[in-house]
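Geometric and topological summary
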Amino acid sequence: MTRYIATPLPFPFEPIPLRAGGFEPALVPAIVAAAGTESARAALADPNVLVVTTGQQPGLFLGPLYTIHKALSAALLARRLSARWNRPVVPIFWVAGDDHDFAEAASASWLNSGGELVTRVLRQRDPAAPQLPMYREALGPDITAALDALTQDLPPSEFREMTLAWLGRHFTVEATMSSAYAGALAELLGPLGVLCFDSTQSAVKQLAAPVLLKALRAHRDLATALAAADARLKSGGHDAGIAVGDDATLVMVEGRLGRDRLIADAAGFTARRSGERFTIQDLELMARAEPTRLSANVLLRPVLESVLLPTVAYVAGPGELRYLRLTPPIYQQLGIHRQTPVPRWSGLVVETRVDRALEKFGATIEELLAPAPGLEARVLRSQLPAAATDALNQLAAAGESAFTALAAAAHDIDPTLDRPVQNAKTQVVSATADLEKKLIQHLRKRGETELGQIVRSRTALQPAGKPQERLLGIAPFLSRYGDGFLAELSGAMEPWVEQALEGAAPPA
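Description of the structure in this document. Residue numbers restart at each chain and count upward from 1, following the sequence in its written direction. Restriction of local features to residues with pLDDT of at least 70 applies here, the model being predicted, together with a cutoff of 80 or more for giving and counting side-chain atom pairs; totals for whole chains, interfaces and linings are based on all residues. The side-chain values count all of the structure's non-hydrogen atoms but skip hydrogen atoms and water molecules.

What to know about the nonpolar core
What counts is decided by this rule: What we call a nonpolar core is a set of buried Ala, Val, Leu, Ile, Met, Phe, Trp, Tyr and Cys residues that are connected through their side-chain atoms within 4.5 Å. Each residue is placed in one exposure class: buried if its accessible area under a 1.4 Å probe, protein chains only, is under 20% of its type's maximum, exposed if it is over 50%, and partly exposed if it falls in between. Where helices and strands are cited, they refer to DSSP runs of H or I of at least four residues and of E of at least two residues respectively, numbered from the N terminus. Residue contacts are defined here by distance: any two heavy atoms, one from each residue, within 4.5 Å place the two residues in contact.
V52, F61, L77 and I474 are the most contacted members of the largest nonpolar core, which has 73 residues in total. Per-element accounting of this core gives the leading share, 10 residues, to helix α2 (residues 66-85). Those residues within four positions of L77 in sequence are excluded, and the remaining contacts are I16, V52, A313, V315, V342, W496, V497, A500 and L501. Of all hydrophobic cores here, the second largest spans 60 residues; its members include V49, W94, A287 and L326.

Here it is as structure tokens:
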């Protein structure tokens, strides 16, 4: 039986206040079509509707598990807030298709049938090439090889073909990284009532443009306020994890070299990479004629969300929670309601095969995740014959007793003998330890099967030394367990949603 262990993020929960509701009808086309979303879509027509949002930049095969953790956390929180307030609260996943970090988006990781970590990279993008946003980045023929690699690595299981067909419907040669991600995610989450929101859709861009222009006009005041907020955070020992200053605005533009940061200067604005120059009038014209070319950076994006959507809470990961501490001055300067940041659920999926290994070796999760070779050494040591263990213990005890007596006698004869006696003791202890190591090395050759179980179990929970949720993708879990996996995972999150509603303190 699969079990789920919470690993709470060390960030506090804040109270979640009400705000004015209502979903802008012009944004309905931005909701990605998917079966199972009919009820949630209908709720958007209620004039009092509110939303809980979360989001992520697109990634190959939906990226790491934390994407799913975010979505399920938002769904649970929305459901509970709806019951508490007796009004519709809809979970919405903001697909950040403007993101241009192809190196992060183009890789996916999973475990093959042998329990080994596999990381597949779609392709490399030349650093000098235009930094296309993911909604313009076509998957191309490379996606066929990536799907073939996943197909080869997924062992036979009840839901394997269904999982591969689901990915194959969306991750096609013609699709962009963003459209494939949004379509696959919407189909997966639709039955859970989660709506996926395409933030690059034309209506979204048109409604966002005035906010972006307002941020550009206020860039000096925003820069001053952000610098002060950053200084306060650092004086309190907090690092937002994102640089502010250097005349960088909160707005990005698509130019000759792709998505580019606008830098303020005396004459207006300059695109950081391409050097293209724009006056505020140029950007106002662009906002009217080509609004898709403008987008918000990570600090402005949550502010933009709150303008476009009646969001009361944003479910965030650790990196987001760090930089969201910087954002209150932006809300204040632009006169926008600040939604409450909520730490997402974080945890481990411990499958039956891992628990069987833990039981076999009498180990805990903590011991398994401790740096290698701690558990391996303990297991091998336990396989030493009793006679060898007794003899080594006797050697250690006898050596300690003998050298204690010898050291006292030698000191009485001449204190200068203290060091030679100590050196001799060190040599004997070292020789005994070396002997034990040799015995264990020979046991290692005989115990490769057991050691392999430990390595595979550790890799399942901490692949490449990283948290499971930050590297492994959802597809293999769906292949083994089907949609029931999401239902079980949601059930394991119930204690988390109670903390979120109570505004609980961070875990000790």
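A few points about the layout of surface pockets
If a probe as big as a water molecule is rolled over the atoms, it shows which places are left empty. Worth spelling out the cut-off: Here a cavity is any set of points on a 1 Å grid over the protein atoms alone where a 1.4 Å probe fits but cannot get out, and a pocket is any open set with protein on both sides within 12 Å along at least 5 of 7 lines; a residue lines the site when it has an atom within 4 Å of a point. Grid points are joined across faces, edges and corners, and a volume is the space filled by probe spheres set on the points.
If you add up the space inside the largest pocket, you get close to 950 Å³. Every residue lining the largest pocket is counted, 44 residues in all, and those nearest its centre are Q57, D99, N297, V298 and Y323. At the level of secondary structure, the elements contributing two or more residues to the lining of the largest pocket comprise β2 (50-56), α2, α7 (202-217), β8 (258-265), β11 (294-296), α10 (301-308) and α11 (318-324).

A few points about the packing of aromatic side chains
Rule in force here: The criterion for an aromatic pair is that two Phe, Tyr or Trp rings (for Trp, the six-membered ring) have centres within 6.5 Å, with stacked assigned to planes under 30 degrees apart, edge-to-face to planes over 60 apart and tilted to the rest.
Here the structure, examined in full by the defined rule, presents eight aromatic pairs. Judged by centre distance (6.4 Å) and plane angle (50°), the rings of F93 and Y181 are tilted. One end of the pair, F93, is in strand β3 (residues 89-95); the other, Y181, is in helix α6 (residues 177-189), with 88 residues separating them in the sequence. Neither F93 nor Y181 differs from the other in exposure class; each is buried. When the centroid spacing of 6.2 Å and the interplanar angle of 15° are considered together, the rings of Y481 and F485 count as stacked. Residue class for Y481 comes out partly exposed when judged on its relative accessible area of 28%.

What about the side chain of S457?
Mapped onto the fold, S457 is located in helix α18 (residues 448-461). In this view, S457 contacts V354, A357 and L368; residues no more than four positions away in its chain are not counted.

Concerning the sheet that holds strand β9 (residues 268-271)
Paired through their backbone hydrogen bonds, the strands of a sheet run either parallel or antiparallel. Condition: Pairing between strands is defined by DSSP: at least two bridges between them are needed.
Strand order in the open sheet made by the five strands is β10-β9-β8-β7-β11, with antiparallel pairing throughout. Taken across any chain shown, the strands that pair with only one partner, and hence form the sheet edges, are β10 (277-278) and β11. As paired elements, β9 and β10 share two bridges and run antiparallel to each other. Note that in β10 the partner of F269 across the bridge is F278.

As for the environment of P127
On the secondary structure map, P127 appears in the loop between β5 (117-121) and α4 (142-153). Considered as a pair, P127 and F102 are 25 residues apart in the sequence and their alpha carbons are 10.0 Å apart.

Some points on the packing of α4 against helix α5 (residues 160-170)
Keep this limit in mind: Angular values range over 0 to 180 degrees, each being the angle between N-to-C directions of two axes fitted as lines to C-alpha atoms, with helices fitted over their stretch in contact. With respect to orientation, any angle under 35 degrees is reported as roughly parallel, any angle over 145 as roughly antiparallel, any angle of 65 to 115 as roughly perpendicular, and every other angle as oblique. Amino acids outside the nonpolar list (Ala, Val, Leu, Ile, Met, Phe, Trp, Tyr, Cys, Pro) and the charged list (Asp, Glu, Lys, Arg) are all regarded as polar, and Gly is one of them.
Two numbers describe how α4 lies on α5: the axes approach to 11 Å, and their chain directions differ by 170°. As the angle between them shows, α4 and α5 are arranged roughly antiparallel. Here L147, L150 and T151 of α4 lie close against α5, whose contacting residues are R160, L164, L167 and G168. Considering only residue class, the contact of α4 with α5 consists of four nonpolar, two polar and one charged.

With respect to the sheet that holds strand β6 (residues 195-198)
If you trace the five strands from one edge of the open sheet to the other, you get β6-β3-β2-β12-β13, paired in parallel fashion. Two strands lie at the open edges of the sheet, namely β6 and β13 (340-343), each paired on one side alone. Each strand of the sheet is rotated relative to its neighbour by a mean of 30°, with strand direction disregarded. Here four bridges tie β3 to β6, and the two strands are oriented parallel to one another. Residue F93 lies in a different strand from β6, and its bridge partner there is C196.

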